[in-house]
Amino acid sequence: MAPWALLTPGVLVRTGHTVLTWGITLVLFLHDTELRQWEEQGELLLPLTFLLLVLGSLLLYLAVSLMDPGYVNIQTQPEEEAKEEQTAMVPQAIPLRRCRHCMVLPLRARHCRECRRCVRRYDHHCPWMENCVGERNHPLFVAYLALQLVVLLWGLHLAWSGLRFFQPWGLWLRSSGLLFATFLLLSLFSLVAILLLASHLYLVASNTTTWEFISSHRIAYLRQRAGNPFDRGLTRNLAHFFCGWPSGSWETLWAEEQEEEQGSSRAV
């Protein structure tokens with residue numbers, strides 16, 4: 001195998017993220033920021049805390065990008081047999097969904113063209129992770145966004161503390177040009193992280209996904225309902241997302257909501 005064959009998009013993206021993370025951290029340490037001042041004064045607690053947060057965010061990033069997002073097991077039995085099995089497992093009120101690539105498609109799952117697999121509770125395919133965000137890694141993805149935002153905002157403050165504007169233009173460009181570029185980059189990343197974290201917390205609180213939020217008009221099991229059939233209130237939504245409680249399949253929740261609506265309509 002040729003060496004360049006190992007340079008897959010995933011390897012390139014993760015390597016680029018790692019190099020960029022430690023490169024920005026190095027810039028903050030080499031310039032006259034509060035980070036360097038603490039180090040020179042022998043106050044190592046805050047610099048070590050910052051380094052640990054950077055390392056933690058990087059490890060979370062690698063965990064989310066490398067782990068199984070919740071791939072659906074590809075059915076190996078014949079198509080008719082798979083259809084009978086799915087019909088027996090899923091309440092009849094739920095419209096059966098099938099994927100031409102992966103056979104049986106559970107509720108809230110979607111086929112990802114980039115990963116070429118069906119993902120349970122599919123949220124989106126993240127190009128910066130080079131992986132899908134789905135049922136298994138979505139909680140870690142939200143935790144990564146929160147920790148990354150803390151690191152970015154702290155790094156933004158550190159970069160600003162090292163900027164000195166009362167200097168001749170040429171001297172300032174040589175001494176602070178790289179740090180100012182880092183400040184602008186951190187500002188952009190912080191804005192993106194704030195928007196992503198806010199949007200995902202909103203989606204988690206309402207027990208929906210990015211795909212369902214954007215494409216609800218095209219999804220059969222959402223078009224049939226006036227509201228979100230998976231919303232169980234803020235507390236239960238958060239408990240189910242982060243702790244997996246209460247447990248149960250999405251098909252069961254969908255069917256229970258359907259029965260409740262039918263019971264209410266009969267009572268009226």
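(A) Fine view of the overall build of the protein chain. On a plain count of helices and strands, the protein chain comes out with 10 helices and six strands. In the protein chain, buried positions account for 42% of the 268 residues. A sequence separation of at least 24 residues applies to 63% of the contacts in the protein chain between residues at least 6 apart. Taken as a whole, the protein chain presents about 15300 Å² of accessible surface, with 64% of it coming from carbon and sulfur.

(B) Expanded view of the confidence of the model for the protein chain. The predicted model of the protein chain has a mean per-residue pLDDT of 84, with 81% of residues at 70 or higher. Counted against residues more than four places away or in other chains, residues 76–91, with its pLDDT under 50, gives 21 contacts.

(C) Fine view of the packing of aromatic side chains. For the coordinates displayed, the defined rule picks out nine aromatic pairs. Here Tyr-61 and Tyr-144 contribute two aromatic rings whose centre-to-centre distance is 5.9 Å and whose plane-to-plane angle is 50 degrees, an arrangement assigned as tilted. Residue Tyr-61 is found in helix 3 (residues 45–66), and its partner Tyr-144 is found in helix 5 (residues 138–161); the two are separated by 83 residues along the sequence. You'll find Tyr-61 and Tyr-144 in the same group, each marked buried. Relative to Phe-213, the ring of Tyr-202 lies with its centre 6.3 Å away and its plane at 85 degrees, an arrangement referred to as edge-to-face. Here the residue Tyr-202 occupies a position in helix 6 (residues 169–205), and Phe-213 occupies one in helix 7 (residues 210–215), the gap between them amounting to 11 residues. A cation over an aromatic ring shows up here: Arg-108 above the ring of Phe-230, its NZ or CZ 4.1 Å from the ring centre.

Parameters and conventions
- Residues numbered from 1 in each chain as written.
- Predicted model: local features only at pLDDT ≥ 70, side-chain atom pairs only at ≥ 80, totals over all residues.
- Heavy atoms only, no water.
- Helix = DSSP H or I, 4+ residues; strand = E, 2+ residues; numbered from the N terminus.
- Buried < 20%, exposed > 50% of the residue type's maximum accessible area, 1.4 Å probe, protein only.
- Contact = heavy atoms within 4.5 Å.
- Areas by Shrake-Rupley, 256 points an atom, 1.4 Å probe, with all protein chains shown as cover.
- pLDDT = per-residue confidence, 0-100.
- Phe/Tyr/Trp six-rings, centres within 6.5 Å; stacked < 30°, edge-to-face > 60°.
- Lys NZ or Arg CZ within 6 Å of the ring centre and 35° of its normal.

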